[in-house]
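Structure at a glance
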Amino acid sequence: MLTRGGFLRAGAVAGAAGVGGLLPVTAARARLPAPTPVADDAAFLQFTVIAERGSLAYYRRIGSKAAARQKAEHVRRLTAALGADAPATDDFAIALPARAFATPTATIALGMRLEALLVGVLLSGVTSTVDGATRLLLGRLLANDAQHLADLRHAAGQPAAQGLAVPLELEAAGTELDRLLKTTNYPTA
Amino acid sequence: MRRLIPLLATLAVVAAVPAAAHAGPTVYAAASLRDAFPALDGSATYSFAGSNTLQTQIERGAPADVFASASPAEAQALFHEGRCSRPVTFATNILVVLVPRDNPGGIRSVYSLRGGGKRLAIGTAGVPIGNYTRLLLRRLGLSSVLTSNIVSQEKDVASVSAKVALGSADAGFVYHTDALATRGRTREIRVPKWAQPAVRYQLCAVKRDGADTSAAQAFIRKVTSTAGRRVLARSGFGLPPRG
């Protein structure tokens, strides 16, 4: 039986695991090279930073503080990597569908949808980006987001691991992400 | 002398005309505002062009009273040079792909441009529409379309939309408002929201000897008023929250 409490506990476990996996806890990790994206590398960073914002909104909405903290850290790192091209906070408004929070099952399904998008695009990014440090950042985010996805699957009563992940094209993933977005002051005419 | 009276009267009227014509401010505005601003204030004298060109003209002493740019960069630069008041954001926009009505290039989405070989019109680097287009393409991972297609670079967004409307280009990157202005001859294709650059229009009163500051301030108040915002919205612009 799936309960909201159980799901949140699962999120908290993922939070703890992810913090250890992503945040710089040793001097060696602190010396990781800074991403300097080349040409279209920026596309994966851009998609991911917007999708991670969606994911951050999701974890805040369900009250999973640990996971939200990690997602905020993802957003911070991606924003730094994008530099001057990074979208400002008020450029996009995330509009998660209200009905997705009507039942625990629907809530978990939305989380899985977001994390699956991230995992697919990050995997695609790892195979396509030119700059090594950008690729490393995407790989680290992939490891962490795959943990979140596994935890959500577990909470949904599914096997946490479902074989090999498949890379997702930005075009297809973008169509899915756009359904969750409002650009600020987007003309309506 | 009696004969001279009508002539003097005529001269007096002629002399009065320029005074009446100068009742409004001289407004230097981004080309994408060419339809909205005259609808908003018919008494102003307008000069429409690429924002970067207008910025340079103002820096060289052009007789502008108001400057409205299609990105914050130009207005902010003039502000930091002490050449205009603190800019205010008054409108927003989005980028779209514009194609001729009969769409001879068979372009269905921005990703269709990956195929290459199309005639593509974009703004030059430096003009806001050119900068926004390049940022959009980087964000979509489509920078290569600038080399795989036959690209013409235009000095402002009006030139890009004219080129598409005339059928001299298979596609062009313009603002949504330009697509509305040429509908009938063109079709717009929306681009993904997640990659949209934030297009912000800013407005300021130019500081120079002889500037009509009160007319400039009145124009700015008119643009940012409820009525002004209604005109901008009717033209397809987005509106920032009221400051």
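Our structure is the block above this text.
None of the values given here were measured: they were computed from a predicted structure.

Remarks on the overall build of chain A
- Check the secondary structure of chain A and you find seven helices and two strands.
- In chain A, the succession of α and β elements from N to C terminus is α-α-α-α-β-α-α-α-β.
- Put simply, chain A has 189 residues, and 47% of those count as buried.
- Contacts in chain A between residues at least 24 apart in sequence constitute 83% of all its contacts with a sequence separation of at least 6.
- As displayed, chain A has an accessible area near 8600 Å², and 61% of this comes from carbon and sulfur atoms.

Quick look at the interface of chain B and chain A
- Tallying the contact residues gives 31 residues for chain B and 25 residues for chain A.
- Together, the buried faces of chain B and chain A total about 2200 Å²; carbon and sulfur atoms form 52% of this surface.
- Taken as a group, Arg-139, Lys-193 and Trp-194 of chain B account for 38% of the area that chain B buries against chain A, more than any other trio of residues on that side.
- At the boundary of chain B with chain A, the tally comes to three salt bridges.
- One salt bridge in this structure joins Asp-85 of chain A and Arg-138 of chain B, with 3.0 Å as the shortest N-O distance.
- Summed over the shared surface of chain B and chain A, the number is nine residue pairs in polar contact (both at pLDDT 80 or more).
- Where the side of chain B that touches chain A is concerned, the elements lending two or more residues are β4 (88-93), α5 (128-140) and α8 (176-181) of chain B.

Details of unusual backbone geometry
Residues and elements named next belong to chain B.
- Phi angles above zero are rare outside glycine, and Asn-103 is one such case at about 45 degrees.
- Mapping Asn-103 onto the fold places it in the loop between β5 (95-100) and β6 (119-123).
- We classify Asn-103 as buried; its relative accessible area is 6%.

Focus: the sheet that holds strand β8 (residues 171-175) of chain B
All names here are of chain B.
- A sheet is described by the order of its strands in space; here five strands give the open sequence β7-β6-β8-β5-β9, paired in mixed fashion. Pairing within the sheet leaves two strands with one partner each, and these edge strands are β7 (150-154) and β9 (186-190). Each strand axis lies, on average, 35 degrees off the axis of its neighbour in the sheet, ignoring direction.
- Bridging between β5 and β8 involves four bridges; their strand directions are antiparallel. When the sheet's bridge partners are listed, Leu-98 is paired in β8 with Gly-172.
- Sitting on the sheet, α5 is in contact with β5, β6, β7 and β8, with an inclination near 110 degrees to β8.

Considering the environment of Leu-78 of chain B
Residues and elements named next belong to chain B.
- Looking at the secondary structure, you find Leu-78 in helix α4 (residues 72-80).
- The spacing of Leu-78 and Lys-193 is 115 residues in sequence and 31 Å in space, taken between C-alpha atoms.
- Excluding residues that lie within four positions of it along the chain, Leu-78 makes contacts with Gln-55, Ile-58, Glu-59, Phe-67, Arg-83 and Cys-84.

Comments concerning the state of the cysteines
Residue and element names in this part refer to chain B.
- With the rule as written, the count across this model stands at one disulfide over all chains.
- Between the sulfur of Cys-84 and that of Cys-204 lies a disulfide, 2.3 Å long from S to S. Between Cys-84 and Cys-204, the S-S torsion sits near -95 degrees, and that sign places the bridge as left-handed. Here the residue Cys-84 occupies a position in the loop between α4 and β4, and Cys-204 occupies one in strand β10 (residues 199-205), the gap between them amounting to 120 residues.
- For Cys-84, a relative accessible area of 0% corresponds to the buried category.
- Here Cys-204 falls in the buried class, since its relative accessible area comes to 0%.

How each quantity is defined
Within each chain, residue numbers correspond to sequence positions counted from 1 in written order. Here chains are named by letter from A upward and ligands by number from 1 upward, in the order in which they appear as written. The predicted nature of this model means local features are confined to residues of pLDDT at least 70 and side-chain atom pairs, given and counted, to a pLDDT of 80 or more, with totals for whole chains, interfaces and linings taken over all residues. No hydrogens and no water enter the side-chain calculation; it runs on all heavy atoms of the structure. Helix and strand definitions follow DSSP, with helices as H or I runs of at least four residues and strands as E runs of at least two, each counted in order from the N terminus. Per-residue accessibility, obtained with a 1.4 Å probe over protein chains only, is compared with the maximum for each type, and a residue is labelled buried under 20%, exposed over 50%, and partly exposed between these values. In what follows, a contact means two residues having at least one pair of non-hydrogen atoms within 4.5 Å. Per-residue and other accessible areas were derived by the Shrake-Rupley procedure at a 1.4 Å probe size, with only the shown protein chains allowed to occlude residues. A 1.4 Å probe defines the accessible area here, and the buried area is the portion of it lost by two parts on being joined, summed over both. Salt bridges are identified by distance alone: a Lys or Arg side-chain nitrogen within 4 Å of an Asp or Glu carboxyl oxygen. In protein, a polar contact requires one atom able to donate a hydrogen and another able to accept it; more generally it is a pair of N or O atoms within 3.5 Å, and residues adjacent in sequence count only if both atoms are side-chain atoms. Strand pairing is defined by DSSP finding a minimum of two bridges between the two strands. Fitted lines through C-alpha atoms serve as axes, helices being fitted only where they are in contact, and the angles separating the N-to-C directions of these axes extend from 0 to 180 degrees. By disulfide we mean two sulfur atoms from cysteines, separated by a distance within 2.5 Å.

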